[in-house]
Each structure stands twice: as C-alpha cells, then as structure tokens.
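Chains, contacts and geometry: an overview
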Amino acid sequence: MEDIREFIRIANTVHDELVKLRKDRHMKLLRRLADLAAKFQELARDSRKMGVSLARGWFTAAESSCWGVRRALGEMSCSISQIQPMAEGPRKELPKLSSLVEELRQLQQEFGDVHFDDEQNSLSVTTEPVTLDGLYLGPFRIQLQLDTLGRVYDMSPYSVIALDPHPASTDESVTHPHVRDERLCEGDGATAIKAAIEQGRLCDFFTLVRSILNTYAPDSPYISIDEWDGTPCYECGYIMGSEDAYYCSYCEHDFCEQCSTYCQSCEEVFCLQCAGQCENCQQMVCRNCIVKCAECGERFCNLCLDEDVCESCKQESEVQENEEQRENKDRTDDRPAAEAKSRPDEGPAKLAG
Amino acid sequence: MRILFIDNEGGGYADYLDIAEHTTIDQFFTIKMSGRSASDFLIRVNRQPVPQDYVLKEGDRVTITPTKIDGA
C-alpha cells in the first residue's frame with residue numbers, strides 16, 4: 001500500500017472513529033451524571049422528610065428517613081468513584097490527519113506491508129513467524145476493524161488470525177498460548193493498547209500486539225506450551241488435556257476417563273487394570289481395599305464382607321449350623337427310644353422261665 | 001528543552017518532558033528506564049529508528065515500546 005491517497009482515506013476513517021470514541025465517552029459521562037443528579041434529589045427528599053418527622057416528634061418516621069439517607073449516600077459515593085475517572089478524560093487532543101498519515105507510513109516501515117480491506121474496512125499487518133520456547137506457531141495477521149475503533153472500551157476492535165495454524169491438540173481454537181478464537185488476551189499490555197488506539201497511535205498498537213505474541217507468559221496461558229501436544233492415555237492413546245487426565249498412583253501413568261475408575265471404598269482414582277471388581281456388588285475397588293473372603297477366597301470390597309466372610313459363605317455356614325443343630329436335636333430325641341430298646345423286657349421273659 | 005515522550009510500558013501515556021540540552025537518546029533511555037536493557041525495547045524518535053548517540057532536539061517525539069509483554 002503506497003498510494004498517499006489511500007493513506008489519507010484510511011486516516012480519515014480512523015479520525016472519524018476516534019471522534020465517535022470521544023463523543024461516546026462524553027455521552028456515557030452525561031448519563032452517569034444524570035443518574036447522580038437523580039440520587040441527589042432522592043437524598044434531598046429523604047432529608048426533608050427527616051426534618052418534618054423530627055419537628056413533629058415522629059421519631060420512627062425520622063429513623064426510616066435516616067435509613068433512606070444512608071442508602072442514598074452509599075450509592076452516591078460509589079457512583080462518584082466511578083464517574084471521576086470518566087470525567088478526567090484523555091490527556092491528548094485528537095490526532096491531526098497528517099499525524100495519522102505519518103502513523104500509516106511508520107506502520108509500513110515497521111511491518112513491511114500494510115493491507116487495507118475496503119469491504120471489511122479493516123487494516124492488517126502480518127508478523128514474522130512466531131516461535132515460543134521451541135514451539136512453532138507460524139505468522140499471525142493482526143486485523144484492526146476500523147469501524148469499531150469507537151467502541152474500544154466495550155469490545156475488542158481487532159483479531160489475531162493464525163496464517164499457518166499450529167493449534168493446541170486439545171483445542172483447535174487456541175492457536176497461540178494467549179490467543180483463543182482469534183482474540184488476544186492482552187494481559188500487561190491491555191492499558192497501553194487501549195491508550196494507543198484512543199490516541200490514534202496505530203503503529204504503537206500493532207507493535208504492542210506483536211510484542212505480546214512474541215512473549216510466552218507461563219503463569220497464565222489458555223494452554224501451556226508443555227501441554228500443547230496434549231497427554232496420551234496410557235491405555236488407549238486418546239490425546240487429552242491435563243484437566244481431563246486421571247493419574248493412577250499404582251502404575252503411575254495417565255489415563256482418560258474411559259480407561260480409569262475410582263475405588264468405591266477409598267474414592268481414589270485408578271486405571272481399570274489396577275482396580276478389581278467386588279464379586280458381590282460388582283463395584284470397582286482398588287488393590288488396597290479389595291479383600292479375600294476367609295472362606296471361599298473370592299475378592300470383595302470391605303462393605304460386602306462381615307468379619308472377613310462374604311454373605312454367601314456366611315449364609316452357607318448358617319445353613320450348615322442349622323443342619324448340625326437339627327441333627328443334634330434329632331439325635332437327642334432318638335436316644336431315650338434307643339435306650340428303651342436296649343433294656344431287657346422282664347414281663348415276657350419271666351413268663352418263659 | 002521540551003520533548004514528547006510516549007511510554008508504551010504500563011499505561012501507554014504520552015507526556016511532555018523537560019530535558020537538558022544535548023541529551024542523547026541513550027542517556028534519555030538510561031534516565032527513564034533505569035536498569036533496563038535497550039535491546040528489550042523498540043526506541044523511535046519522530047517515528048524513526050535512530051543511533052544511540054542521537055542528540056535529542058526541541059519538540060522531538062520519543063516512543064519506547066517493550067518487545068516482550070506478558071499476555072494472559
């Protein structure tokens with residue numbers, strides 16, 4: 001883009017948007033001042049009521065009015081603290097058209113090429129390929145939407161578009177540790193970026209965005225570089241983010257949700273290979289919590305054992321006990337008859353002698 | 001003499017400053033960005049790169065922009 005006329009045309013668009021921005025700020029301030037004035041009237045009303053109530057000896061009514069005064073004062077204090085910075089306003093005058101044209105020339109010098117899209121009404125530059133800590137991310141286009149400059153405090157007027165995307169393996173919308181859905185998370189650069197846009201310092205704006213793209217802040221990325229390629233599940237190989245990985249403390253590997261479970265007894269997470277299943281309730285149990293029945297040797301969770309014996313064995317043992325008891329009882333009942341049979345019969349024997 | 005200084009680190013504010021005559025851009029940087037390395041910044045005078053021994057003049061526009069800024 002070399003045509004001076006095109007520079008002037010773009011500079012005009014930027015200038016108009018900056019005028020809108022200033023006007024919008026003043027309009028917002030006026031609205032807030034109107035709200036504040038309404039609160040003053042409310043305060044005056046409550047104050048008059050309080051005066052009348054006290055004069056007539058209506059103490060309860062005076063207390064109620066005092067409560068209204070207190071509330072109004074609190075709201076006004078909050079409003080004033082919010083309005084004051086708005087009233088301070090920008091320190092600089094609006095840039096002249098010639099200054100904006102110089103900005104565009106400087107932009108071209110700094111970035112090599114500047115593209116103006118007539119249809120989209122956008123101004124774009126392309127960065128050099130970005131590599132952070134050995135991770136190649138490719139070049140990015142910084143696209144400033146000129147017709148939204150006036151709303152810089154309500155919405156982001158620019159996009160950051162990956163031209164050779166190498167997104168995170170677990171989220172394609174993250175093309176850079178600090179870019180998601182083509183929106184840059186500005187971090188420490190937020191205030192300077194807004195100031196640059198508001199003052200029409202176009203080259204500074206693009207330079208600031210480029211500086212953020214060329215910096216990796218490990219404490220606050222959308223996805224860190226370490227996790228950029230994701231973590232494979234040790235069992236099935238599924239690629240997952242660190243938040244979706246489950247660590248088995250037995251085999252010390254990471255697993256996905258499908259290949260892991262948790263122990264019903266101790267609620268620790270384990271992979272399916274390191275967990276067992278209770279023969280009775282079929283719930284998954286870890287090695288620490290699975291216990292063998294002292295009778296049958298099958299594996300159960302501790303909830304399905306009673307004094308180390310499973311329910312089934314316990315029932316069998318009860319049945320056996322009952323049978324033994326019955327047998328013993330039968331034996332005891334049969335003994336007098338048996339004894340009676342074994343004693344000699346005196347009657348008939350005497351007669352024979 | 002008076003120059004316009006735009007500090008793009010932090011607030012990004014532009015202010016007029018009074019500095020001593022014959023101050024070079026390197027000296028100015030050392031005063032304003034004490035302890036920092038010039039290689040970590042993009043330094044422009046009147047929108048142009050200048051050598052470090054450039055002597056500042058009345059009305060010069062100095063911009064200092066960090067080349068590394070932490071995103072979030």
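Here the structure is a predicted model, which means the values were calculated and not measured. (Residues numbered from 1 in each chain as written. Chains lettered and ligands numbered in written order. Predicted model: local features only at pLDDT ≥ 70, side-chain atom pairs only at ≥ 80, totals over all residues.)

**Re the overall build of chain B**
As a reminder of what qualifies: Every helix listed is a DSSP run of H or I at least four residues long, and every strand listed is a run of E at least two residues long, numbered separately from the N terminus. The exposure scheme places C-beta atoms from the backbone and then counts, for each residue, the other C-beta atoms within 10 Å of its own, assigning buried at 20 or more, exposed at 12 or fewer, and partly exposed in between. Residue pairs are scored as contacts if the distance between their C-beta atoms, which are placed from the backbone, is within 7 Å.
Per the secondary structure count, chain B includes 1 helix and 4 strands. Beginning at the N terminus, the succession of helices and strands in chain B can be written as β-β-α-β-β. A buried classification covers 22% of the 72 residues belonging to chain B. The contacts in chain B between residues at least 6 apart in sequence include a share of 61% that link residues at least 24 apart.

**Description of the packing of helix α1 (residues 4-55) of chain A against helix α2 (residues 59-88) of chain A**
All names here are of chain A. The condition is simple: Fitted lines through C-alpha atoms serve as axes, helices being fitted only where they are in contact, and the angles separating the N-to-C directions of these axes extend from 0 to 180 degrees. Small angles under 35 degrees read as roughly parallel and large ones over 145 as roughly antiparallel, with 65 to 115 read as roughly perpendicular and the rest as oblique. Handedness of a crossing is defined here by the sense of rotation of the near helix relative to the far one, left-handed for an anticlockwise turn of less than a right angle and right-handed for a clockwise turn. Throughout this entry, Asp, Glu, Lys and Arg are counted as charged residues, while Ala, Val, Leu, Ile, Met, Phe, Trp, Tyr, Cys and Pro are counted as nonpolar. The remaining residues, Gly among them, count as polar.
Close contact between α1 and α2 brings their axes to 9 Å; oriented N to C, the two are set at 160°. The angle between α1 and α2 places the two elements in the roughly antiparallel class. Regarding α1 and α2, the two cross each other, and that crossing is left-handed. Split by residue class, the contact of α1 with α2 holds 17 nonpolar, 6 polar and 9 charged.

**A word on the interface of chain B and chain A**
Taken together, the contact between chain B and chain A spans 18 residues of the former and 25 residues of the latter. The dominant element in the side of chain B that touches chain A, judged by the number of residues it contributes, is strand β4 (residues 61-66) of chain B, at 3 residues. Considering only residue class, the side of chain B that touches chain A consists of 7 nonpolar, 8 polar and 3 charged.

**Re the sheet that holds strand β2 (residues 14-18) of chain B**
All names here are of chain B. Note the threshold: Think of it this way: DSSP has to see at least two bridges between two strands before they count as a pair.
In spatial order, the strands read β2-β1-β4-β3; together these 4 strands make up an open sheet with mixed pairing. Both outer strands of the open sheet, β2 and β3 (41-45), are each paired with one neighbouring strand and no more. Ignoring which end each strand starts from, the neighbouring axes of this sheet average 20° apart. One ladder, built from 5 bridges, connects β3 with β4; its direction is antiparallel. Within β4, the position partnered with Phe 41 by the bridge is Pro 66.

**Re the sheet that holds strand β5 (residues 140-145) of chain A**
Residue and element names in this part refer to chain A. The sheet built from 4 strands is open, its strands ordered β1-β2-β5-β6 with antiparallel pairing. The open sheet has two edge strands with one neighbour each: β1 (114-117) and β6 (158-162). This sheet shows a mean twist of 20° between the axes of neighbouring strands, independent of strand direction. In this fold helix α3 (residues 97-111) packs onto β1 and β2 (122-126), with an angle of close to 125° to the strand it touches most, β1. Helix α5 (residues 202-213) contacts β2, β5 and β6 of the sheet and is inclined by roughly 145° relative to β5.

**Observations regarding the nonpolar core**
All names here are of chain A. The cut-off we apply is this: The term nonpolar core means buried Ala, Val, Leu, Ile, Met, Phe, Trp, Tyr and Cys residues held together as one set by C-beta atoms within 7 Å.
Within the largest apolar cluster, 41 residues are counted, with the highest numbers of intra-cluster contacts made by Val 14, Leu 104, Ile 142, Phe 205, Phe 206, Leu 208 and Val 209. Counting residues per element, the ones that place at least two in this core are α1, α3, β2, β5, β6, α4 (190-198) and α5. Counting residues per element, this core draws most heavily on α5, which supplies 8 residues. Look past the residues within four positions of Val 14 in its chain and what remains in contact with it is Leu 100, Leu 146, Leu 149, Gly 200 and Leu 202. Ranked by size, the runner-up nonpolar core spans 17 residues in total, among them Cys 233, Ala 275, Cys 293 and Cys 301.

**Overview of the packing of α1 of chain A against α3 of chain A**
All names here are of chain A. Where α1 meets α3, the axes come as close as 9 Å, and the angle between the chain directions of the two elements is 120°. Considering only the axes of α1 and α3, their crossing is right-handed. When α1 is examined against α3, the residues Phe 7, Ile 8, Ile 10, Ala 11, Asn 12, Val 14 and His 15 are found in contact with a partner set consisting of Leu 97, Leu 100, Val 101 and Leu 104. Across the contact of α1 with α3, the residue classes tally to 9 nonpolar, 2 polar and no charged.

**What to know about the confidence of the model for chain A**
Residue and element names in this part refer to chain A. For clarity, the cut-off: For every residue, the pLDDT score states the predictor's confidence, bounded by 0 at the bottom and 100 at the top.
Looking at chain A, the pLDDT average stands at 86 and 93% of residues meet or exceed 70. Least confident of the elements in chain A is helix α7 (residues 346-352), whose mean pLDDT is 42; most confident is β6, at 97. Scored below 50 in pLDDT, residues 346-353 shows 1 contact in the model against residues more than four places distant or in partner chains.

**A look at α5 of chain A**
Residues and elements named next belong to chain A. In plain terms, the rule: One less than the number of residues in a helix, times 1.5 Å, gives the span that helix is expected to have.
Spanning 12 residues, α5 covers 17 Å between terminal C-alpha atoms, matching the ideal 16 Å at 1.5 Å per step. Burial runs high along α5: 12 of the 12 residues are buried. Here α5 has its buried residues at Leu 202, Cys 203, Asp 204, Phe 205, Phe 206, Thr 207, Leu 208, Val 209, Arg 210, Ser 211, Ile 212 and Leu 213.

**With respect to the pairing of β2 of chain A**
Consecutive side chains of a regular strand alternate in pointing toward one face of the sheet and then the other. All names here are of chain A. With 4 bridges joining them, β1 and β2 adopt antiparallel strand pairing. Looking at β2, one finds that Asp 117 is bridged to Ser 122. With antiparallel pairing between neighbouring strands as the criterion, β1 and β2 make up a hairpin whose turn holds 4 residues, including Asn 121 at a positive phi of roughly 55°. Strand direction decides the pairing type here: β2 and β5, joined by 5 bridges, are antiparallel. By the bridge assignment, Thr 126 is partnered in β5 with Arg 141.

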